[in-house]
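Inside the fold
Single-letter residue listing:
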Amino acid sequence: MIEAPVKEPRELQGDDGVSVELVSRTFRTRRGPVHALASMSLRARPGEIVTVVGPSGCGKTTLLELVCGLQLPDSGTVRCAPAVLMPQRDLLLPWCTALDNAGLALRARGVGRAQARATAAPWLERFGLAGFEHARPAELSGGMRQRVSFLRSLLAGKPLLALDEPFAALDAITRLQMQDWLIEVLASEPRTVLLVTHDVEEAVVLGDRVVVMSGRPGHAVAEIEVSLARPRRRGDPAVVALREQVLAALGVSA
Amino acid sequence: MRRGLSGWPWRAAALLVALVALWELYVDLGGADPLILPAPHEVARSLWVDRSLLGSNFLVTAEEVLLGILLASVTGLAFSAAIHFSPTLRRAVYPLLVASQTLPIPIVAPVLVLWLGFGILPKLVVIALVSFFSIVVTTLAGFAAVDPDLIKLMRTFDAPRQRTFRHIELPAALPSLFTGAKIAVTVAVIGAVFAEQAGASSGLGYLFEQSIPQLLTARAYAAVVILSAFAISLFALLSLAERWALPWAYQREQAAAP
Ligand SMILES: Nc1ncnc2c1ncn2[C@@H]1O[C@H](COP(=O)(O)OP(=O)(O)O)[C@@H](O)[C@H]1O
Ligand SMILES: [Mg+2]
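Residues numbered from 1 in each chain as written. Chains lettered and ligands numbered in written order. Predicted model: local features only at pLDDT ≥ 70, side-chain atom pairs only at ≥ 80, totals over all residues. Heavy atoms only, no water.

**Digging into the overall build of chain A**
Put simply, the rule reads: Strands here mean DSSP runs of E at least two residues long; helices mean DSSP runs of H or I at least four residues long; both are numbered from the N terminus. The quantity called the radius of gyration is restricted to C-alpha atoms. Its globule counterpart is 2.2 Å times the number of residues to the power 0.38. Only protein chains enter the accessibility calculation, which uses a 1.4 Å probe; a residue whose area is less than 20% of its type maximum is buried, one above 50% is exposed, and one in between is partly exposed. Only the protein chains shown count as cover for residues, and the accessible areas themselves come from Shrake-Rupley with a 1.4 Å probe. A residue counts as positive if it is Lys or Arg and as negative if it is Asp or Glu; His and the chain ends are not included. Where a charge lies is defined by one atom per residue type: Lys uses NZ, Arg uses CZ, Asp uses CG and Glu uses CD.
Helices and strands together make up the secondary structure of chain A, namely 8 helices and 9 strands. For 254 residues, the compact-globule estimate of 2.2 N^0.38 gives 18 Å, and chain A sits close to it at 18 Å. In terms of its C-alpha atoms, chain A occupies a principal-axis envelope of roughly 50 × 45 × 40 Å. Sorting the 254 residues of chain A into buried and exposed places 55% on the buried side. Summed over its atoms, the accessible surface of chain A is roughly 10800 Å², and 53% of this surface lies on carbon and sulfur atoms. Of note, chain A has its 30 positive side-chain charges centred 6 Å away from the centre of its 28 negative side-chain charges.

Right, here's the structure in full:
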């Protein structure tokens, strides 16, 4: 039951993809029902990075929680590999060092403190956090916190990563650096990735495929294949053209 | 961050001196019978003259209060964890906890003495009874304040419920536990006085009880002064301990470069 901590790039299996079919989700609130998702469908092949872009409140977080098994759909089916969440805000534990935060998934599985630290330490170094192992989250920059938060979810050792607007809270420059960094990391640590964002450029630069969602109730209105080699330059005419395609699907004129 | 301790002592001292001066004037000008309200200089004299008597009785009360708060913290934490985990228990026990706080201690204390004897035990129970409620309330608020997204994260880590409690909710609620204990300090001292009046042969509450009928009002006030000073010291001590034990709760964002 307890998986070995990830040391080598993990092999993705044939069933490590995602299949969301015609899923609906309604929340009952005091002010009446809120239809978050209606007939939402989405697929991801094993190892694929699928970015989901849509306006605020269209059900992106709800979609990721369904994929992670944190909610059940009212109708439709969700079939996917074991998924781990990277929540919208970094939510690092303020009483833990960067090292202990990074190892939280291991501790959650019952791994001892020393073992969790020994496993997480080389990763912090790989993630450019050498020297900050014993820093508390309050002493880290936004980019560092986001890297620790990503590492924390990565070390859960699950084939599917559900990233909820991972870079939304960062300043523009750090966000671009983190996008490049994420692609680098995923090149050596293959995972199936669902990345939710409301940043159209981010969706195009990061995704193998971009799923465009409508406003609430959210459903897929377009699916755009991004068959561009990486690394992608943001000024590349092909990237710009795809961006405009996504914006058009969102009903926004570029 | 430094408002807590270094800011207030001289201001508080200045205010205290002003109040004591007013009190002295009031009594000296015949505002009150010194047997009912002794002048501050009489209280000060008693503090000096009766110092060994006050000191030995203070040690008794101090031990009761410290152990009582410890007992209250342990039971308070246990109660709040149980209530946090069980909605049924919350509905069944929480109202009774509130009701327990309305029991007048002078009525409860003699019963406890009857059951538990004249030793330290009934005092600890009274002190814990009056002080554990604030700990339960604040600690429960601490548990409830944990970000639900963190709980979700732990679920996607496949963490069993009790491990989420141990790694997330318990540490997150520790500052609230300290807050509860700081509130508890003051009522604990009052609780100790009542407990000693119900059946004791030593302690500042006992001394207080003995001094009034003997018309040694100044000595009774001296006991109160010591109790107040003790409560203030305990409060300050808890604040220091909290800062030492939970430095992260006082750390504001001071980010490094990206
Ligand atoms: N637990 C919930 N209870 C009630 N309403 C909710 C709940 N979760 C989400 N919603 C509502 O569902 C809609 C979609 O939310 P969410 O998935 O968070 O959108 P997004 O992440 O795209 O901004 C919003 O209107 C939100 O208010
Ligand atoms: Mg969201």
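**Concerning the nonpolar core**
For clarity, the cut-off: We call a set of buried residues a nonpolar core when its members are Ala, Val, Leu, Ile, Met, Phe, Trp, Tyr or Cys and they connect through side-chain atoms within 4.5 Å of each other. Any two residues whose heavy atoms approach within 4.5 Å at even a single point are treated as in contact.
Counting 102 residues, the largest nonpolar core has F127, F150, L182 and V210 of chain A together with V65 and F157 of chain B as its most contacted members. With 12 residues, helix α8 (residues 161–197) of chain B is the largest single contributor of residues to this core. In contact with V65 of chain B, other than residues within four places in its own chain, are I127, A188, V189, A192, F230 and L234 of chain B. Counting residues in each nonpolar core, the second largest holds 25 residues, with V18, L63, C68 and A83 of chain A among its members.

**Structural notes on the interface of chain B and chain A**
Short version of the rule: Each of two parts loses accessible area, computed with a 1.4 Å probe, when they are put together; buried area is these two losses added. One speaks of a salt bridge when a side-chain nitrogen belonging to Lys or Arg is within 4 Å of a carboxyl oxygen belonging to Asp or Glu. Pairs of N or O atoms are called polar contacts if they sit within 3.5 Å, as long as, within protein, a hydrogen donor faces a hydrogen acceptor (for residues adjacent in sequence, only side-chain-to-side-chain pairs). Under the convention adopted here, Pro, Cys and the residues Ala, Val, Leu, Ile, Met, Phe, Trp and Tyr are nonpolar, Asp, Glu, Lys and Arg are charged, and Gly plus all remaining residues are polar.
Between chain B and chain A, the contact holds 28 residues from the first and 33 residues from the second. Roughly 2600 Å² of surface becomes buried between chain B and chain A when both sides are summed, with 61% attributable to carbon and sulfur atoms. Per-residue buried area on chain B facing chain A is highest for T156, F157 and W248 of chain B; these three make up 24% of the total on that side. Linking chain B with chain A are 4 salt bridges. Of the charged contacts, one joins E65 of chain A and K152 of chain B as a salt bridge, the two residues approaching to 2.8 Å between their closest N and O atoms. On the surface where chain B and chain A come into contact, there are 8 residue pairs in polar contact (both at pLDDT 80 or more). Mapped onto the side of chain B that touches chain A, the elements with two or more residues apiece are α7 (148–156) and α8 of chain B. By residue number, the principal contributor to the side of chain B that touches chain A is α7 of chain B, which donates 7 residues. A breakdown of the residues in the side of chain B that touches chain A according to their chemical character gives 15 nonpolar, 4 polar and 9 charged.

**Considerations on the domain arrangement of chain B**
Residue and element names in this part refer to chain B. Selection criterion: Either an automatic procedure or a domain database provided the assignment from which the domain bounds are taken.
We note that the domain assignment places domain 1 (7–34) and domain 2 (38–256) within chain B. Opposite the 7 residues of domain 1 that make contact, domain 2 presents 8 residues. Both faces considered, domain 1 and domain 2 share a buried interface measuring about 570 Å² in area, 68% of it formed by carbon and sulfur atoms. Our count for the contact surface shared by domain 1 and domain 2 stands at 2 residue pairs in polar contact (both at pLDDT 80 or more).

**Here we look at the confidence of the model for chain A**
Which entries qualify depends on this criterion: pLDDT measures how confident the predictor is about each residue, on a scale from 0 to 100.
Averaged over all residues, the pLDDT of chain A equals 91, while 94% of them reach at least 70. pLDDT under 50 marks residues 1–9 of chain A. Its contacts with residues more than four places away, or in other chains, come to 18 contacts.

**Observations regarding the site of ligand 1**
Residue and element names in this part refer to chain A. Rules: Distances are taken per atom, and a residue is near a molecule or strand as soon as one of its heavy atoms is within 4 Å of it.
Around ligand 1, the structure places F27, T29, V34, A36, S56, G57, C58, G59, K60, T61, T62 and R216. Between T61 and ligand 1, the recorded distance is 2.7 Å, taken from a side-chain N or O atom to an oxygen atom. Note that an oxygen atom of ligand 1 is positioned 2.5 Å from one of the side-chain N or O atoms of R216. Counting residues per element, the ones that place at least two in the shell around ligand 1 are β1 (18–29), β2 (32–44) and α1 (60–67). With 3 residues, α1 is the largest single contributor of residues to the shell around ligand 1. Partitioning the shell around ligand 1 into residue classes produces 4 nonpolar, 6 polar and 2 charged.

**Structural notes on the sheet that holds strand β9 (residues 220–225) of chain A**
Residues and elements named next belong to chain A. The condition is simple: Two strands qualify as a pair provided DSSP detects at least 2 bridges between them. Inter-axis angles, ranging from 0 to 180 degrees, are taken between N-to-C directions of lines fitted to C-alpha atoms, where helices are fitted over the stretch in contact.
With mixed pairing, 6 strands are arranged side by side in an open sheet as β5-β6-β7-β3-β8-β9. Each edge of the sheet is formed by a strand with only one pairing partner; in this case those strands are β5 (83–86) and β9. In this sheet, adjacent strand axes meet at a mean angle of 20 degrees when their direction is disregarded. Pairing of strand β3 (residues 49–53) with strand β7 (residues 192–197) involves 5 bridges; the strand directions are parallel.

**As for the packing of aromatic side chains**
The condition is simple: Here a Phe, Tyr or Trp ring, Trp counted by its six-membered ring, pairs with any other such ring whose centre lies within 6.5 Å, and the pair is stacked when the planes are under 30 degrees apart, edge-to-face when over 60, and tilted otherwise. Lysine and arginine charges are scored as sitting over a ring when NZ or CZ, respectively, is within 6 Å of the ring centre and within 35 degrees of the ring normal.
Using the criterion set out here, one finds 10 aromatic pairs over all chains in the structure. Ring geometry for W23 of chain B against Y221 of chain B: centres 6.1 Å apart, planes inclined by 50 degrees, an arrangement best described as tilted. Of the two residues, W23 of chain B sits in helix α1 (residues 3–28) while Y221 of chain B sits in helix α10 (residues 217–245), which places them 198 residues apart along the sequence. Judged by its relative accessible area of 24%, W23 of chain B falls in the partly exposed class. Through successive ring pairs, a cluster of aromatic residues spans W123, F127, F150 and W181 of chain A. If you follow R51 of chain B out to its NZ or CZ, it ends over the ring of W48 of chain B, 3.9 Å from the centre. The residue whose ring lies beneath K182 of chain B is F235 of chain B, and the NZ or CZ to ring-centre distance is 5.6 Å.

**Remarks on the packing of helix α6 (residues 121–144) of chain B against α8 of chain B**
All names here are of chain B. Under the convention used in this document: Any angle that falls under 35 degrees is termed roughly parallel, while one over 145 is termed roughly antiparallel, one within 65 to 115 roughly perpendicular, and all others oblique. When the near helix sits turned anticlockwise from the far one by under a right angle, the crossing is termed left-handed; a clockwise turn instead gives a right-handed crossing.
Where α6 contacts α8, the two axes come as close as 6 Å, and the packing angle between them is 150 degrees. The angle between the axes of α6 and α8 places the two elements in the roughly antiparallel class. Here the hand of the crossing between α6 and α8 comes out right-handed. Looking at the contact of α6 with α8 residue by residue, the classes come out as 16 nonpolar, 9 polar and 3 charged.

**A word on the sheet that holds strand β4 (residues 75–80) of chain A**
All names here are of chain A. If you walk across this open sheet you meet the 3 strands as β2-β1-β4, and the pairing is antiparallel. Strands with a single pairing partner mark the edges of an open sheet, and in this sheet they are β2 and β4. Across the sheet, the mean angle from the axis of one strand to that of its neighbour is 30 degrees, orientation sign disregarded. α1 rests against β1, β2 and β4 of the sheet, and its axis sits at about 120 degrees to β1.

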